[in-house]
Amino acid sequence: MADNSIFYAKGDSPEMIQAFEHARKTFKHFWRELSWEARRIVPGVDLACVKVAFAQQFPDEDEPTIEHMWINDVYFDGDNVSGTLINDPESLINVKNGDAVTVPLEQVSDWLLLSMGKTYGGFSIHQLRATMSPEERASHDEAWGMDFGDYNNIQVVRDQDTHPEHLVEHPMSINMKDGFVKFLQDYPQEMTNADEQGYTLLHRETIAGNRTSVEVMLQQGVDTGRKTNNGKTALDFARQLRWEHIIPLLG
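My aim in this report is to walk through the structure given alongside it, one point at a time. Every value quoted in this text rests on a predicted model; they were computed, and no experiment measured them.

## Re the overall build of the protein chain
Within the protein chain, the regular secondary structure consists of nine helices and six strands. The globule rule puts the C-alpha radius of gyration for 251 residues at 18 Å, and the 19 Å found for the protein chain is close to it. If one aligns the C-alpha atoms of the protein chain with their principal axes, the spans along those axes are about 55 × 45 × 30 Å. With 251 residues in all, the protein chain has 46% of them scored as buried. Accessible area of the protein chain: about 12900 Å², with a carbon and sulfur share of 50%. Side-chain charges of the protein chain comprise 22 positive and 40 negative groups, with the mean position of each set lying 7 Å from the other.

## Looking at the pairing of strand β3 (residues 80-85)
Remark: a regular strand shows side chains that alternate across the two faces of the sheet. The sheet contact formed by strand β2 (residues 65-76) and β3 spans four bridges and is antiparallel. Directly across from Y75, in β3, lies its bridge partner S82. In textbook terms, the turn of a hairpin is the stretch between consecutive antiparallel strands, and for β2 and β3 this stretch comprises three residues, one of which, G78, has a positive phi near 95°. Two strands pair when backbone bridges link them, and β3 and strand β4 (residues 100-104) are joined in this way by five bridges, in the antiparallel orientation. Looking at the pairing, G83 lines up with V101 of β4.

## What to know about the pattern of salt bridges
On inspection of all chains with the given rule, the structure shows eight salt bridges. In this structure, the salt-bridge partner of K232 is D79, at a minimum N-O distance of 2.6 Å. One end of the pair, K232, is in the loop between α7 (211-219) and α8 (234-240); the other, D79, is in the loop between β2 and β3, with 153 residues separating them in the sequence. Each of E33, E37 and R40 takes part in one network of salt bridges that share partners.

## Examining the packing of aromatic side chains
Considering all chains together, one arrives at ten aromatic pairs under this definition. Ring plane angle 75° and centroid distance 6.3 Å describe the contact between W31 and F76, whose orientation is recorded as edge-to-face. Of this pair, W31 sits in helix α1 (residues 14-37) while F76 sits in strand β2, and the two are 45 residues apart along the sequence. Classification of W31 as buried rests on a relative accessible area of 10%.

## Description of the packing of helix α2 (residues 123-130) against helix α3 (residues 134-144)
Direction vectors running N to C along α2 and α3 enclose 145°, while the axes themselves pass 10 Å from each other. Here α2 and α3 pass one another in a crossing that is right-handed. Along its contact with α2, which presents I125, R129 and A130, the element α3 presents R137, H140, D141 and W144. Within the contact of α2 with α3, the residues separate by chemical class into three nonpolar, one polar and three charged.

Cut-offs and rules
- Residues numbered from 1 in each chain as written.
- Predicted model: local features only at pLDDT ≥ 70, side-chain atom pairs only at ≥ 80, totals over all residues.
- Heavy atoms only, no water.
- Helix = DSSP H or I, 4+ residues; strand = E, 2+ residues; numbered from the N terminus.
- Rg over C-alpha atoms; globule rule 2.2 N^0.38 Å.
- Buried < 20%, exposed > 50% of the residue type's maximum accessible area, 1.4 Å probe, protein only.
- Areas by Shrake-Rupley, 256 points an atom, 1.4 Å probe, with all protein chains shown as cover.
- Lys, Arg positive; Asp, Glu negative; His and termini not counted.
- Charge placed at Lys NZ, Arg CZ, Asp CG, Glu CD.
- Pairing = 2+ DSSP bridges.
- Salt bridge = Lys/Arg side-chain N within 4 Å of Asp/Glu carboxyl O.
- Phe/Tyr/Trp six-rings, centres within 6.5 Å; stacked < 30°, edge-to-face > 60°.
- Axes fitted to C-alpha atoms, helices over the stretch in contact; angles between N-to-C directions.
- Left-handed = near helix turned anticlockwise from the far one by under 90°.
- Contact = heavy atoms within 4.5 Å.
- Nonpolar A, V, L, I, M, F, W, Y, C, P; charged D, E, K, R; others polar.

Below you can see the structure in the form of C-alpha cells.
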C-alpha cells in the first residue's frame, strides 16, 4: 500500500493529499462492507463508489495531468480495484464516462458509502467541506442529498464511536459464524474450489478482513498455502492490507 506521488496533481494541498492517504488506508473497510452487502437479503448499502486518480501524459506538458473521478460497480481482488467510470473527464482523453477500468489500490483517492441515511468515508469531500462556511456546507450537502455529518469525525464503519470493535471485525462475521460452519459442512468443496484467477474462499475472506470466517476454515483444515495465479497466499493479502487481527492466524 505504498504511496506514489505521480497520483498527486500539482494543485493538491497537503490536507487533500492526507485525505487521499487516509482513504487508501481505510479502503479495506469499504470493501469489507461491500463483501457483506453481497450476502444480505435486504440491501443495507444505498451507494458505494470509489474515487480514482487517473493520469495522462500530454506531449506539451512536463508532468502528467491528473483527474480524480468516481467509479461504481466496484470490485477488489486485494491488489486492484475495478469498476465503471461515472464522470466525464475535463481534460483526459484516455478514459471516458462508462469505461470499465482497473487500477492498483495506490490510485484510489477516496471512497464513499451511503447506508441508512449516513455516509462513511468521503475523505476528500470532508476536506472540501472543512474549508466551507456553515451555510456553504449546508448547501453542499443539500446538493448531494446526503447527511455527511461532522467533517472532524469521519466515520469508517457503522457505530464506530460506540462500538470501536467494529473497526476490527464486522459484526456480521461474528453473527454468521454458525451459519458459516454449517455451510462448510454441507459444501466442504468450497474450501478447495478456486476461481479462474486462483482465488479460494480463504483468499476472499482474508481480503475482506473476516477473522471469524478464517478461524472456522482453519478449524476445518483449509490449506493456507494455496496461491493465486499471481502467487499470493491469504497471508500475503493479510499483510499487505494490514489486517492485524488475521495475520497471526495465518503466520
